[in-house]
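# Working through the structure, step by step
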Amino acid sequence: ALASILAAVMSTLDAQMLTLSSMLTRDVLSRVRGDRQQILLGRSFLVVLAAITWVIAIRKPASIFSIAALSFSGYVTLIPTMFLSMRWPAFTRTAATCSIVVGNVALVASHLWGPADAALLPVAWALLCGTAAAVITTLAAARHPPGAFPQAEALDLCLDSSAEARLRRWLK
């Protein structure tokens, strides 16, 4: 029974790490020249991500179920981005990126340093922070004319990659 639980957790973690690596290399860093550079960046990112995962597991030892709960909590941080991108026309790529980053940082921080008897689970803090970051970033971008945030425009150009083109082709 324990072997099947470990296999399920390892499979989930493996899928999450490969998905994040693919998102980074194909969607964010797609302007990098050459397949070798993309492969090198993807593998390097996996090593860094595995190191972070190892530190989290070692720093706060827990049962296999709590590690699996943290693993599945990473998916929850994508909910504000998925929901707002479908329902809010003003939602931007920059807001999506901020939501995912802030949600994951809040998840890891509340898992590592949050009080053990907290009223809210770490995943609730991640969901709350990710949603707040998405809404605040979208409202801030709506108040300012184009060109007011050059970093945000550079991020939008970086994220405006083949993923959007693939999605448009798939929807046709």
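Residues numbered from 1 in each chain as written. Predicted model: local features only at pLDDT ≥ 70, side-chain atom pairs only at ≥ 80, totals over all residues. Heavy atoms only, no water.

Here we take up the environment of alanine 132. Along the chain, the position of alanine 132 falls in helix α6 (residues 122–143). For alanine 132, a relative accessible area of 34% gives the class partly exposed. Expressed as a C-alpha distance, the spacing of alanine 132 and valine 102, which sit 30 residues apart in the sequence, is 9.1 Å. (Helix = DSSP H or I, 4+ residues; strand = E, 2+ residues; numbered from the N terminus. Buried < 20%, exposed > 50% of the residue type's maximum accessible area, 1.4 Å probe, protein only.)

We now examine the side chain of threonine 138. Among the secondary structure elements, threonine 138 is positioned in helix α6. By relative accessible area, which is 2% here, threonine 138 ends up buried. Within the structure, threonine 138 has its side chain in polar contact with the backbone oxygen of alanine 134 (distance 2.8 Å). (Polar contact = N/O pair within 3.5 Å; in protein donor to acceptor, adjacent residues only side chain to side chain.)

Taken together, the side chains of Ile79, Met82, Phe83, Met86 and Leu127 make up a nonpolar region of the molecular surface, amounting to roughly 510 Å² of accessible area. Residue placement: isoleucine 79 occurs in helix α4 (residues 79–87). Residue isoleucine 79 is classed as partly exposed on the basis of its relative accessible area of 40%. (Patch = residues over 30% accessible without salt bridge, like charges linked within 9 Å, V, L, I, M, F, W, Y side chains within 5 Å. Areas by Shrake-Rupley, 256 points an atom, 1.4 Å probe, with all protein chains shown as cover. Salt bridge = Lys/Arg side-chain N within 4 Å of Asp/Glu carboxyl O.)

The next subject is helix α5 (residues 93–113). Taking 1.5 Å of rise per residue, 21 residues should cover 30 Å, and α5 covers 30 Å from first to last C-alpha, within 8% of that figure. Within α5, burial applies to Thr94, Ala95, Ala96, Ser99, Gly103, Ala106, Leu107, Ser110, His111 and Leu112. (Expected span 1.5 Å × (residues − 1).)

A word on helix α2 (residues 35–59). The end-to-end C-alpha distance of α2, which contains 25 residues, comes to 36 Å, matching closely the 36 Å that a straight helix rising 1.5 Å per residue would cover. Residues of α2 that are buried: Gly42, Leu49 and Ile56.

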